[in-house]
Every structure is written in structure tokens, then in C-alpha cells.
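Residue-level structure breakdown
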Amino acid sequence: QVQLVESGGGLVQAGGSLRLSCAASGRTFSRNTMAWFRQAPGNEREFVAGLIWSGGRQDYTDSVKGRFTISRDNAKNTLYLQMNSLKLEDTASYSCAVSREYATISRVSSGYAYWGQGTQVTVSS
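Description of the structure in this document. (Residues numbered from 1 in each chain as written. Predicted model: local features only at pLDDT ≥ 70, side-chain atom pairs only at ≥ 80, totals over all residues. Heavy atoms only, no water.)

1. Quick notes on the overall build of the protein chain
- Secondary structure assignment for the protein chain yields zero helices and eleven strands.
- Each helix and strand of the protein chain, ordered N terminal to C terminal, gives the series β-β-β-β-β-β-β-β-β-β-β.
- Along the first, second and third principal axes, the C-alpha set of the protein chain runs to 40 × 25 × 25 Å.
- Classification of the 125 residues of the protein chain by burial places 43% in the buried group.
- Just so you have it, the protein chain exposes about 6,300 Å², and 44% of that area is on carbon and sulfur atoms. (Helix = DSSP H or I, 4+ residues; strand = E, 2+ residues; numbered from the N terminus. Buried < 20%, exposed > 50% of the residue type's maximum accessible area, 1.4 Å probe, protein only. Areas by Shrake-Rupley, 256 points an atom, 1.4 Å probe, with all protein chains shown as cover.)

Structure below.
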């Protein structure tokens, strides 16, 4: 059974940093594109960042470019999201997702087959 478990969320002041992790189990995803999405209350789920199986190509939504870094450790079957200079508008539940593709990065939810339950990130002023 495939399981994605996020961790690392919490409460942080604006300008602070958090590092999210997504540990996968049940199968190996070293040949799959992986991504982070987020959803704030009342908002639709939005793409945050993604990277292909090798990590050699990444994509970020404009609002997080230069502040967030996505990475992966295929040996550990784990995806990361380093979030720096956090802003109030980054407050959301962050979920990791795995695609069946390996060389393309989709920005829509339907492009992903497996999802974690999410970890809450709250940025305070």
C-alpha cells in the first residue's frame, strides 16, 4: 500500500523558515516526478513546486521563486521543501504528490496519482 507522509509543518513567524519532508513507503518513486501543492481555507489547491525523477529540472510557482527549494533523496524515497522568508500568504496545508510521469512536471492536481494527507504551515505576523 502506497503511503506518503508529510512532516515539518508548524507555526513560524513571518520571515522564518521551515523544512517539509514527505516520506514515501509501499513502493519506490525514484523514477517519478514529485511535487508539493498547498491549499488555504477557502482557496483551491495550488501547485507550489515540482521536480522530475532525477531532480535535474524543477518548477516553481512565481510566488515562491527564490524563497522555496524543492529537493529529493531517492535513496530515502523522500521529498523535501525548504521554505525561507515565509510570508503570511504562505499559510496553508501542504501536501506532497507523486506523478506517474518521470520527465514532465504538471501544475495541476489531476497530473498526480498519489497524495499525502498534508501538513499545516501557519505563518504569523
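Picking up after the structure, the text goes on.
2. Quick notes on the sheet that holds strand E1 (residues 3–7)
- If you walk across this open sheet you meet the four strands as E1-E3-E8-E7, and the pairing is antiparallel. Two strands lie at the open edges of the sheet, namely E1 and strand E7 (68–73), each paired on one side alone. Neighbouring strand axes in the sheet, compared pairwise and without regard to direction, differ in orientation by 15° on average.
- Examined bridge by bridge, E1 and strand E3 (residues 18–25) share five bridges and lie antiparallel to one another. Within the sheet, the bridge partner assigned to Leu4 lies in E3 and is Ala24. (Pairing = 2+ DSSP bridges. Axes fitted to C-alpha atoms, helices over the stretch in contact; angles between N-to-C directions.)

3. Points about the state of the cysteines
- Tallied over the entire structure, the rule returns one disulfide.
- A sulfur-sulfur distance of 2.0 Å marks the disulfide that ties Cys22 to Cys96. One quick way to see it: the torsion about the S-S bond of Cys22 and Cys96 is about 50°, and its sign makes the bridge right-handed. Of this pair, Cys22 sits in strand E3 while Cys96 is found in strand E9 (residues 92–98), placing the two residues 74 residues apart along the sequence. (Disulfide = S-S within 2.5 Å.)

4. Side note on the nonpolar core
- Counting 28 residues, the largest nonpolar core has Trp36, Leu81, Met83 and Tyr94 as its most contacted members.
- At the level of elements, E3, strand E4 (34–39), strand E5 (46–51), E7, strand E8 (78–83), E9 and strand E11 (119–124) are the ones that each hand at least two residues to this core.
- If we ignore the near neighbours within four places in the chain, the residues touching Leu81 are Leu18, Arg19, Leu20, Trp36, Val48, Ala49, Phe68, Thr69, Ile70 and Tyr94.
- In terms of nonpolar packing, the next biggest core, distinct from the first, is built from seven residues, Ile52, Ala97, Ile105 and Tyr112 among them. (Core = buried A, V, L, I, M, F, W, Y, C linked by side-chain atoms within 4.5 Å. Contact = heavy atoms within 4.5 Å.)

5. Side note on the packing of aromatic side chains
- Scanning all chains against the criterion turns up five aromatic pairs.
- Ring geometry for Phe37 versus Tyr112: centroids 5.3 Å apart, planes at 75°, classification edge-to-face. Here the residue Phe37 occupies a position in strand E4, and Tyr112 occupies one in the loop between E9 and strand E10 (114–115), the gap between them amounting to 75 residues. Accessibility classification places Phe37 together with Tyr112 in one group, the buried group. (Phe/Tyr/Trp six-rings, centres within 6.5 Å; stacked < 30°, edge-to-face > 60°.)

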